[in-house]
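# Commentary on secondary and tertiary structure
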Amino acid sequence: MRTASVSLDLDNLWAYLKTHGDSSWESRPSFLATAVPRLLDVFGEHRLTTTVFVVGADAERDDGAQAVRDVVAAGHEVANHSWGHEPWLHRYSRAELEAELVRAEDALVAAGAARPVGFRGPGYSVTPVLLELLASRGYRYDASTLPTWIGPLARAYHNRTAQNPSAGDLFGGFGKVFTPNKPYRWGGTGLVELPVTTMPLLRVPIHGAYLLQLHQISPRLARGYFRAALRLCLATGTAPSLLLHPTDVLSGAEAPGMEFFPGMAVPGSQKVALLGWVLSLLRKHFDVVGTGTQVDRLTLLRERSVELCG
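No experiment lies behind these values; they were computed from the predicted model shown.

Okay, the pattern of salt bridges next. Tallying each qualifying case throughout the model produces 12 salt bridges. The shortest N-O distance in the salt bridge between Asp9 and Arg120 comes to 2.7 Å. Pair noted here: Asp9 is in strand E1 (residues 3-9) and Arg120 is in the loop between strand E4 (118-119) and helix H6 (128-136), with a separation of 111 residues, a long-range link. This pair shows no difference in class: Asp9 is buried, exactly as Arg120 is. A salt bridge links Asp63 to Arg61; the shortest N-O distance between them is 2.7 Å. With relative accessibility at 24%, the residue Asp63 sits in the partly exposed group. Residues participating in the shared-partner salt-bridge network are Glu98, Glu105, Arg115 and Arg137.

As a further point, take the packing of aromatic side chains. Counted by the stated rule, this structure contains 6 aromatic pairs. On the numbers, 6.2 Å between centres and 35° between planes, the contact of Trp14 with Trp25 is tilted. Remark: Trp25 occurs in the loop between helix H1 (13-20) and helix H2 (32-45) and Trp14 occurs in helix H1; sequence separation between them is 11 residues. Their ring planes at 90° and their centres at 6.5 Å tell us that Phe260 and Phe261 sit as a pair that is edge-to-face. Of the two residues examined, Phe260 and Phe261, each falls in the buried class. Through a chain of ring-to-ring contacts, the aromatic side chains of Tyr16, Phe31, Phe260 and Phe261 assemble into a single cluster.

Okay, the packing of H2 against helix H4 (residues 62-73) next. Look at H2 against H4: their axes get within 10 Å of each other, and the N-to-C directions meet at 10°. One finds that H2 runs roughly parallel with respect to H4. Every residue of H4 that contacts H2 at Leu32, Val36 and Leu40 is listed here: Asp63, Gly64, Ala67, Asp70 and Val71. For the contact of H2 with H4, the residue count by class is 5 nonpolar, 1 polar and 2 charged.

The tally for this structure, following the rule as stated, stands at 2 cavities of 30 Å³ or more. Taken as a whole, the largest cavity spans an internal volume of roughly 90 Å³. Residue lining of the largest cavity: Gly208, Leu211, Leu212, Leu242, Leu244, Asp248, Lys271, Leu274, Leu275 and Val278, and that is the complete set. Elements with a contribution of two residues or more to the lining of the largest cavity: helix H8 (208-217), strand E8 (241-244) and helix H10 (268-285). Considering every element that reaches the lining of the largest cavity, the biggest residue donor is H10, with 4 residues. A per-class count over the lining of the largest cavity returns 7 nonpolar, 1 polar and 2 charged.

Glancing now at the pairing of E1. With 7 of 7 residues buried, E1 lies mostly within the body of the structure. Relative to strand E9 (residues 287-289), E1 runs parallel, the two being bridged by 3 bridges. Each residue of the ladder has a partner; that of Ala4, found in E9, is Val288. Across 4 bridges, the pairing between E1 and E8 is parallel. Directly across from Leu8, in E8, lies its bridge partner Leu244. For E1 and strand E2 (residues 51-54), the ladder comprises 3 bridges, and the chain directions are parallel. Directly across from Leu8, in E2, lies its bridge partner Val52.

By the element assignment, Gly188 lies in the loop between strand E6 (184-185) and strand E7 (192-193). For Gly188, a relative accessible area of 88% translates into the label exposed. Sequence spacing of Gly188 and Leu131 is 57 residues, and the spatial spacing of their C-alpha atoms is 9.7 Å.

For the rest of this paragraph, the subject is the pairing of strand E3 (residues 77-80). Burial along E3 is two-sided: the residues Glu77 and Ala79 and Val78 and Asn80 are all buried. Relative to E3, E2 runs parallel, the two sharing 4 bridges. Opposite Val52, over in E3, you have Val78 as the bridge partner.

Rules and cut-offs
Numbering of residues begins from 1 in every chain and follows the order in which that chain's sequence is written. Reporting in this predicted model follows two pLDDT cut-offs: at least 70 for local features of residues, and 80 or more for side-chain atom pairs to be given and counted; totals over whole chains, interfaces and linings ignore these cut-offs and use all residues. Side-chain metrics rest on all non-hydrogen atoms present in the structure, leaving aside hydrogens and water. A side-chain nitrogen of Lys or Arg and a carboxyl oxygen of Asp or Glu constitute a salt bridge if their distance falls within 4 Å. Secondary structure elements follow DSSP: runs of H or I of four or more residues count as helices, runs of E of two or more count as strands, with numbering from the N terminus. Buried residues are those whose accessible area, probed at 1.4 Å on protein chains only, stays under 20% of the maximum for their type, while exposed residues exceed 50% and partly exposed ones sit between those limits. When two rings of Phe, Tyr or Trp (its six-membered ring) have centres within 6.5 Å they constitute a pair, described as stacked for plane angles under 30 degrees, edge-to-face for angles over 60, and tilted for the intermediate range. Axes, fitted as lines to C-alpha atoms, cover a helix only where it is in contact. Angles between the N-to-C directions of the axes lie from 0 to 180 degrees. Oblique is the label for every angle not falling under 35 degrees (roughly parallel), over 145 degrees (roughly antiparallel), or within 65 to 115 degrees (roughly perpendicular). For this analysis, residues touch if any pair of their heavy atoms sits within 4.5 Å. By the convention adopted, Pro, Cys, Tyr, Trp, Phe, Met, Ile, Leu, Val and Ala count as nonpolar, Lys, Arg, Asp and Glu as charged, and the other residues, Gly among them, as polar. With a 1 Å grid spanning the protein atoms alone, the term cavity applies to any set of points in which a 1.4 Å probe fits but cannot get out, the term pocket to an open set with protein on both sides within 12 Å along at least five of seven lines, and the term lining residue to any residue with an atom within 4 Å of a point. Grid points are joined across faces, edges and corners, and a volume is the space filled by probe spheres set on the points. Strand pairing is assigned whenever DSSP identifies at least 2 bridges connecting the two strands.

Written out as structure tokens, the structure reads:
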């Protein structure tokens, strides 16, 4: 059976508010104590071992450290999602990027995780310098790319709804549609890039927030959309790497201040039901693992292919 992966970006309430320009983020409001047990229950129900990309600043606080311990105890990989979760890492200097990686690594290890070997930049933010640093620090893979054309539309939505709009190149440009939708290696670094899968051919996102926005219009539409995406993945030989967020299981009342975020009008119970259906359908067609395991399997297949050719 083909391999697919599921990963969770453990973005906290304060991180969403910060990007949105809401000054209340400074008090570091958190929904981890509600979201993490619920997500782990869903993963356990579907017998999934996933990868959780954790923000270092959260791992330094009590509820975040507890979340790391719970994730590790459940057998999931913990990976690096930066320290401060700023979706503009591409504006950082080399020294700032290295400090960001180091501080996050130290926080994750102190909370009880193994030293991370996978990284995902917040807001799909990645640069050649960042990739060089990851390789030099022993990372095996990056998962920061979203091969789609909707970046400028997402930026326009952000700027329209944010209390402190950020212009520039936030969320990337239309050119991202030309980046690969399948795993590849970054030349010169040896790092495997595992893109967040978008719908083959159409290159539109298929992860949680987009499904929930469709579900808000019509549950039938959301399910039909995801079925179509999996059919295209199977037809094109694309092994899906599906991205989840805590908002995929939280109601609007459980994430105060996030009314601007897609899908927050959907009740939490309906979100959990939709996620369970998505995972069941994915498992019907694929052997579902975490991103680190998917990369390991791809690397092993490549090595075996080289041996056979040699």
